[in-house]
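Descriptive analysis of the structure
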Amino acid sequence: MTDLGFDAPTVIRTKRDGGRLADAAIEWVVDAYTHGRVAEEQMSALLMAIFLRGMDRGETASWTAAMLASGDRLDFSDLGTPTVDKHSTGGVGDKITLPLVAVVAACGAAVPQASGRGLGHTGGTLDKLESIAGFSAMLSNERVRDQLRDVGAAIFAAGELAPADAKLYALRDVTATVESLPLIASSVMSKKLAEGAGALVLDVKVGSGALLSSPQRCRELAHTMVELGAAHGVPTHALLTDMNGPLGATVGNALEVAESLEVLAGGGPPDVVALTLRLASEMLELAGVDARDPADTLCDGTAMDRFRRLIAAQGGDLSVPLPIGAHSETVTAARGGTMGDIDAMAVGLAAWRLGAGRSRPGEGVQAGAGIRIHRRPGEPVSAGAPLFTLFTDTPERFGAALAELDGGYRVGDTPPASRPLIIDRIVT
Ligand code: URA
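Residues numbered from 1 in each chain as written. Predicted model: local features only at pLDDT ≥ 70, side-chain atom pairs only at ≥ 80, totals over all residues. Heavy atoms only, no water.

1. Some points on the overall build of the chain
Applicable threshold: Secondary structure elements are taken from DSSP: a helix is a run of H or I of four residues or more, a strand is a run of E of two residues or more, and numbering for both begins at the N terminus. We take the radius of gyration over the C-alpha atoms and set the globule estimate at 2.2 Å times the residue count to the 0.38 power. Exposure classes here rest on a 1.4 Å probe applied to the protein chains alone. A residue is buried below 20% of its type maximum, exposed above 50%, and partly exposed in between. Here, two residues are considered to be in contact whenever any of their heavy atoms come within 4.5 Å of each other. In short, Shrake-Rupley with a 1.4 Å probe defines the accessible areas, and a residue's cover is counted only from the protein chains shown.
In terms of regular secondary structure, the chain is built from 16 helices and 13 strands. Scaling as 2.2 N^0.38, a compact globule of 428 residues should have a C-alpha radius of gyration of about 22 Å, and the chain matches this with 21 Å. If one aligns the C-alpha atoms of the chain with their principal axes, the spans along those axes are about 70 × 50 × 40 Å. The proportion of buried residues among the 428 residues of the chain is 55%. A separation of at least 24 residues holds for 80% of the contacts in the chain among residues at least 6 apart in sequence. Accessible surface computed for the chain: about 15900 Å², of which carbon and sulfur atoms make up 52%.

What follows is the structure, encoded as structure tokens:
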């Protein structure tokens, strides 16, 4: 694409001053950034302007289309098996993709799952899976197709799909521009539309640990993405789900893989199991597959078998022990009583401080960093009992992590009010 007629400072100024970006300007700036003709500092400024000024639905649709057009779009319509995927807008302890992909594959639908890395205080599926020795998320489009046929699922870095998202995602992560409705919607939908799934289920997180903390904005995000899916011919449903507290009892890459294996073995925390099965049912319904009850696949080992085959197909070796941080600190209860609410944001930030996430582009994450939660909301606590264990390879991080966690939980005399896990379902 020629740069004739466009320049980055003008595009940035238009948005900075609250103006609307024309479709052609959006197409140009996304393409020019993807190909290195718009500099990182220019895109950083534009992202901040979008973060502060927003984009309307039309601009968001154009931005998404430009990101989608930046790379390949896969097509599995000749696979002979219905394909379906899910994507979460990002949460704390949100390891659902790991058991879910295996459950859905065991039920007979194929899952092409283009995943991301950690973003801000939220964890990323690829960072989690890369804590398994040998696991590779770098699959060619041909490998994805072969794996869908042989195993029924593939979890991979988007790579040649929506490369604009790969660059923008990494830039947003380190420029404090993650929590923007149009940038989240376009990021999710560009790679999900590119990956070629025949249908899509979105898990839109609502609550203190979600990327957008106002329930109204989360609902708007869900509607925006469902409409984008429909506009591109991909039937899309969204569930609004609770993210005020962390999901499950672990936060951090390898810790979450271990918890996912517990779920696949028929155990694991009830909220992780419940959300996995609810999303599986939604995906299978949308894919038109109803041969099996998803819950059976966790009891009879067929989901575990799929997961093991998926990991092995991508070079992973589950016989190698998962890493765990070399240093640990345990937070104990100052008094007895009942565990109250645990704030997802506090725990997510603490895990990030321990090294589970990154603060500079391309930085490595610590596979063994994270937090084990010993008492979940509503559970009895005795004075001096362990509440959280923090893990890291770099003990100088404990101070900042403990400061994030402080005030993020409470032991009281009464159990916290219960909240529904599934808040709403949005289908049009
Ligand atoms: N998931 C994504 O892929 N992108 C976002 O911006 C947030 C969650």
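2. Describing the domain arrangement of the chain
Put simply, the rule is: Note that the domain bounds were set by an automatic or database domain assignment.
Partitioning the chain into structural domains gives domain 1 (8–53), domain 2 (84–319) and domain 3 (327–412). Its C-alpha centre places domain 1 at a distance of 38 Å from the equivalent point of domain 3.

3. Concerning the site of the ligand
Defined as follows: One heavy atom suffices: a residue is near a molecule or strand as soon as one of its heavy atoms comes within 4 Å of it. Throughout this description, a polar contact denotes any pair of N or O atoms lying within 3.5 Å of each other; where both atoms belong to protein, one of them has to be capable of donating a hydrogen while the other can accept it, and for residues adjacent in sequence the pair is counted only when both atoms sit in side chains.
Lining the immediate surroundings of the ligand are H87, S88, T89, L119, Y169, R172, I184, S187, V188, K191 and L211. In the model, an oxygen atom of the ligand is placed 3.0 Å from a nitrogen or oxygen of the H87 side chain. In the model, an oxygen atom of the ligand is placed 2.5 Å from a nitrogen or oxygen of the K191 side chain. Here the ligand loses 96% of its free accessible area of 240 Å² to cover by the protein chains.

4. Some remarks on the nonpolar core
Which entries qualify depends on this criterion: Nine residue types can take part in a nonpolar core, namely buried Ala, Val, Leu, Ile, Met, Phe, Trp, Tyr and Cys, and a core is a set of them joined through side-chain atoms within 4.5 Å.
Ranked by internal contacts, the top residues of the largest apolar core, which has 70 residues, are V104, I371, F388 and L390. Split by domain, this core shows at least three residues from each of two domains, domain 2 (84–319) and domain 3 (327–412). Not counting the four nearest positions on each side in its chain, I371 is found in contact with A249, T250, V251, L255, V347, A350, A351, L354, F388, T389 and L390.

5. Things to note about unusual backbone geometry
Among all residues except glycine, the phi angle is most often negative; among peptide bonds, the trans geometry is most common. Here the phi dihedral of A162 falls at roughly 45 degrees; this positive angle occurs in a residue that is not glycine. Here A162 falls in the buried class, since its relative accessible area comes to 1%. Unusually for a residue other than glycine, A176 sits at a positive phi of about 55 degrees. Along the chain, the position of A176 falls in the loop between α8 (163–173) and α9 (181–194). A176 gets classed as exposed once you look at its relative accessible area, which sits at 54%.

6. Some remarks on the pairing of strand β4 (residues 200–206)
Within a regular strand, the side chains alternate between the two sheet faces. Here is the rule we go by: Looking down the strands as they point away from the viewer, one classifies a crossover as right-handed if the path from the first strand across the helix to the second runs clockwise.
With seven of seven residues buried, β4 lies mostly within the body of the structure. Taking every second residue as pointing to the same face, both faces of β4 are buried, with L200, L202, V204 and V206 on one and V201, D203 and K205 on the other. Chirality of the crossover, the property in question, places the unit of β4, helix α10 (residues 215–231) and strand β5 (residues 236–242) among those that are right-handed.

7. A word on the sheet that holds strand β11 (residues 386–392)
Selection rule: Following DSSP output, two strands are said to pair if at least two bridges run between them. Working convention: axes come from line fits to C-alpha atoms, limited for helices to the stretch in contact. Angles between N-to-C directions cover 0 to 180 degrees.
Pairing in this open sheet of four strands is antiparallel, and the strands run β6-β9-β11-β7 from one edge to the other. The sheet terminates laterally at β6 (250–251) and β7 (327–332), the two strands that pair on one side only. Bridge count for β6 against strand β9 (residues 370–373) is two bridges, and the pairing is antiparallel. Bridge pairing in β9 places T250 opposite R372. Packing of helix α15 (residues 344–356) onto the sheet brings it into contact with β6, β9 and β11, and relative to β9 it is tilted by some 135 degrees. Together, β7 and β11 form the strand contacts of helix α16 (residues 398–405), whose direction differs from that of β11 by roughly 145 degrees.

8. Considerations on the sheet that holds strand β10 (residues 380–381)
With respect to topology, three strands assemble into an open sheet ordered β10-β8-β12, the strand pairing being antiparallel. Edge positions in the sheet fall to β10 and β12 (411–412), since each has one partner strand and no second. Sheet topology note: the strand β8 (residues 337–339)/β12 ladder contains two bridges and is antiparallel. Residue M339 lies in a different strand from β12, and its bridge partner there is V411.

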